Amino acid sequence: MIALQIEDTKLFTRKLFLETDLDTFLLKEAEVVTFNRFTIDGHIRRGFFAEEELEQRKLGEFSNWKMLRPYCFSLIKGRRLPESFQIVLMAEPERAAAFLNDSQIHSIQPDQIGGLYLHIRYEEGRLSCVTGTSLVVFSLDKTVENEWDGYVERFLKENGIAVSQN
């Protein structure tokens with residue numbers, strides 16, 4: 001786990017809320033504080049959709065960020081900055097499998113990863129990202145965590161987002 005301070009808040013929030021850079025992530029949860037506190041649970045309510053629609057849209061356990069990004073943006077846009085927001089994104093299961101393969105990690109199987117997370121937090125005018133990993137098996141090996149930290153740093157850099165470690 002590493003904490004990264006975002007150097008250009010305006011650029012990152014534009015990429016987060018208006019562009020597609022993070023659209024392949026899933027939304028685990030979000031909280032936006034403006035004139036009220038708004039909380040979004042990213043879990044798909046499967047009973048809302050017909051089985052055919054679930055299959056057609058390939059909906060899993062969580063909504064993708066692309067689907068909820070406009071709603072989150074509608075909560076923060078306006079003349080005033082939000083007091084704060086927290087958004088927890090996680091890698092799709094397919095990305096987790098590709099991540100393991102690309103990182104040449106053979107000690108962990110894709111189904112043993114509970115989540116690869118990116119926790120975005122805006123508070124008191126500062127924006128930061130904290131990486132996180134969750135395994136469904138016990139392991140003292142920190143390879144997955146270290147590789148995910150490096151992956152997130154490279155991902156942000158490739159998308160033109162300057163960061164410094166806290």
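Residues numbered from 1 in each chain as written. Predicted model: local features only at pLDDT ≥ 70, side-chain atom pairs only at ≥ 80, totals over all residues. Heavy atoms only, no water.

A. Summary view of the sheet that holds strand β3 (residues 37–41). The strand order β3-β2-β4-β5-β6-β1-β7 describes an open sheet built from 7 strands, whose pairing is antiparallel. Because the sheet does not close on itself, it has two edges, and the strands there are β3 and β7 (163–165). Ignoring strand direction, the axes of neighbouring strands in this sheet form an average angle of 20 degrees. Across 5 bridges, the pairing between strand β2 (residues 26–33) and β3 is antiparallel. Bridge assignment links V32 to a residue of β3, and that residue is F38. Helix-sheet contacts for helix α3 (residues 65–76) involve β2, β3 and β4 (84–90), and the interaxial angle to β2 is about 5 degrees. (Pairing = 2+ DSSP bridges. Helix = DSSP H or I, 4+ residues; strand = E, 2+ residues; numbered from the N terminus. Axes fitted to C-alpha atoms, helices over the stretch in contact; angles between N-to-C directions. Contact = heavy atoms within 4.5 Å.)

B. Spatial organisation of the layout of surface pockets. The calculated volume of the largest pocket comes to roughly 480 Å³. The class makeup of the residues in the lining of the largest pocket is 12 nonpolar, 5 polar and 6 charged. When its volume is computed, the second largest pocket comes out at roughly 300 Å³. Lining the second largest pocket are 16 residues; nearest its centre among them are T13, F17, I76, L81 and P82. Take the lining of the second largest pocket: its biggest share by element is 5 residues, from helix α1 (residues 9–17). Counted by class, the lining of the second largest pocket contains 8 nonpolar, 3 polar and 5 charged residues. (1 Å grid on protein atoms, 1.4 Å probe; cavity = no way out; pocket = protein on both sides within 12 Å on 5 of 7 lines; lining within 4 Å. Points joined across faces, edges and corners; volume = space filled by probe spheres on them. Nonpolar A, V, L, I, M, F, W, Y, C, P; charged D, E, K, R; others polar.)

C. Representation of the environment of F73 in the model. Looking at where F73 falls in the secondary structure, it is placed in helix α3. Put simply, F73 and E92 are 19 residues apart on the chain and 22 Å apart in space, counted from C-alpha to C-alpha. If sequence neighbours within four positions are ignored, F73 has contacts with F17 and L18.

D. Summary view of helix α4 (residues 93–102). All of the buried residues in α4 are R95, A96, F99 and L100. Down the axis, α4 shows its buried residues gathered within 140 degrees of arc, on one side only. Turned more than 90 degrees off the buried face of α4, the exposed positions are E94, N101 and D102. Once α4 finishes, Q104 follows within two positions and takes phi at roughly 55 degrees, a positive value. (Buried < 20%, exposed > 50% of the residue type's maximum accessible area, 1.4 Å probe, protein only. Arc of directions from axis to C-beta.)

E. Just the environment of Y151, in detail. You can see Y151 is positioned in helix α5 (residues 143–158). A C-alpha to C-alpha distance of 8.4 Å links Y151 and F99, two positions 52 residues apart in sequence.

F. Structural detail: the pattern of salt bridges. Applying the stated criterion across every chain yields a total of 8 salt bridges. Among the ionic pairs, K15 bridges to E19, the shortest N-O distance being 3.6 Å. Since its relative accessible area comes to 11%, K15 is described here as buried. Linking R37 and E31 is a salt bridge whose minimum nitrogen-to-oxygen distance equals 3.0 Å. A single network of salt bridges, built from pairs that share partners, joins R14, K15, E19 and D21. (Salt bridge = Lys/Arg side-chain N within 4 Å of Asp/Glu carboxyl O.)

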